[in-house]
Amino acid sequence: LLLVMVSLLCRGVGGLLRSLAGINSSQAARCTSVSSGILGLQCSPFRWFSKGATSSEYPKRPLTAYLRYSIEQRPKLHKQYPEAKMMDLTKIIALEWKGLPSAEKERYEVVANAEQKKYREEVKQYREKLSPMQLELHREQRRQRLAKRKSVRKKRELTVLGRPKRPRSPFNIFMSEHFQDAKGASSQSKMKSLRDDWERLHTSQKQTYNQLAEDDKIRYENEMKSWEEQMMEIGRGDLIRLKQRKRFKKPRAMGVSSAAKKRLTGSSGHGEGLREGSAHRQHEE
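Read on for a plain summary of the structure. Here the structure is a predicted model, which is why all the values come from computation and not from measurement. (Residues numbered from 1 in each chain as written. Predicted model: local features only at pLDDT ≥ 70, side-chain atom pairs only at ≥ 80, totals over all residues. Heavy atoms only, no water.)

## Points about helix α10 (residues 187-200)
Alright, step 1. The first and last C-alpha atoms of α10 sit 20 Å apart over 14 residues, in line with the 20 Å expected at 1.5 Å per residue.
Alright, step 2. Restricting attention to buried positions, one finds in α10 the residues Lys190, Ser193, Leu194 and Trp198. In a view along the axis of α10, the buried residues occupy a sector of 140°, so they form one face of it. More than 90 degrees from the buried face of α10, the exposed residues found are Gln188, Lys192, Glu199 and Arg200.
Alright, step 3. The elements touched by buried residues of α10 are α9 (170-178) and α11 (203-233). (Helix = DSSP H or I, 4+ residues; strand = E, 2+ residues; numbered from the N terminus. Expected span 1.5 Å × (residues − 1). Buried < 20%, exposed > 50% of the residue type's maximum accessible area, 1.4 Å probe, protein only. Arc of directions from axis to C-beta. Contact = heavy atoms within 4.5 Å.)

Written out as structure tokens, the structure is:
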């Protein structure tokens, strides 16, 4: 009886979701089957509405003035410098764009601005067609994309700046030594086999890898200290680890402590009293 009630409830939920978000029958089958009815009730709303607001339907962002210029110039430069690498061509285009007269730049900027205005109108019309759930889904997807993009840029920047590699764990050292000889056809099966071998390894045998991992930690800390000093020299203190930033704080200016001030004030007051007493005696005489 419980399974029948769950099945009916799931069918009702599946029909409602199909009518609101246009979900096809194969997707709704997750919740309509009796065997997976319990799991179907735990489906995320974002997963259900993902097909109702696909990213492919979202208006594509237009090209900037610089990208339009770059696309136009790249084939010409490729013919002029057939052996040049893509990175070299990009640098040439960037330099040419920087030195381009304002009148010539304006030709690309006018087109880009017109396309940008059209894009904003299309985005507005697209969002008006979305339901609140679909709109929230789109915002969440955009936040995830931006976060992922930011993370990739951060990793790429740290690689370019030469940030030292993190220390390896004992198991990672063991795996790198035995990966080629591990059992299994795929990387996943090899890792599983190595994990099993590591678990069966005696404590005395693991000690060697534990010591190697400790040595690698020392290597990492030494290299990081040197790297962080370099980052401070080039003005990238934002890349310093939080727990290490106190090492780079500027020393406080030399000043007189409060206790010393009190002593100076007291001695000064005592001296002034002596001077006043001496002056008073001279006046009486």
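Now that the structure has been shown, we can carry on.
## Remarks on the nonpolar core
Alright, step 1. Within the largest apolar cluster, 10 residues are counted, these being Phe171, Ile173, Phe174, Met175, Ala182, Leu194, Trp198, Leu201, Tyr209 and Ala213.
Alright, step 2. Those elements that place two or more of their residues in this core are α9, α10 and α11.
Alright, step 3. Residue contributions to this core peak at 4 residues, all from α9.
Alright, step 4. Apart from the residues within four sequence positions on either side, Trp198 is in contact with Pro170, Phe171, Phe174, Lys206 and Tyr209.
Alright, step 5. In terms of nonpolar packing, the next biggest core, distinct from the first, is built from 9 residues, Leu77, Leu89, Leu100 and Tyr108 among them. (Core = buried A, V, L, I, M, F, W, Y, C linked by side-chain atoms within 4.5 Å.)

## Things to note about the side chain of Lys105
Alright, step 1. Structurally, Lys105 can be placed in helix α7 (residues 102-128).
Alright, step 2. Here Lys105 is buried and forms no salt bridge, its nearest opposite-charge partner Glu109 lying at an N-O distance of 6.0 Å. (Lys, Arg positive; Asp, Glu negative; His and termini not counted. Salt bridge = Lys/Arg side-chain N within 4 Å of Asp/Glu carboxyl O.)

## Digging into the packing of helix α5 (residues 65-80) against helix α6 (residues 86-98)
Alright, step 1. Packing of α5 against α6 brings their axes to within 10 Å, and their N-to-C directions diverge by 125°. Taken as axis vectors, α5 and α6 run oblique relative to one another. The hand of the α5/α6 crossing is right-handed. The segment α5 lies against α6, with Ala65, Tyr66, Tyr69, Ser70, Gln73, Arg74, Leu77 and His78 engaging Met86, Leu89, Thr90, Ile92, Ile93, Ala94, Glu96 and Trp97.
Alright, step 2. Across the contact of α5 with α6, the residue classes break down as 10 nonpolar, 4 polar and 2 charged. (Axes fitted to C-alpha atoms, helices over the stretch in contact; angles between N-to-C directions. Parallel < 35°, antiparallel > 145°, perpendicular 65-115°, else oblique. Left-handed = near helix turned anticlockwise from the far one by under 90°. Nonpolar A, V, L, I, M, F, W, Y, C, P; charged D, E, K, R; others polar.)

Spatial relationships are all this shows, so hold off on functional conclusions.
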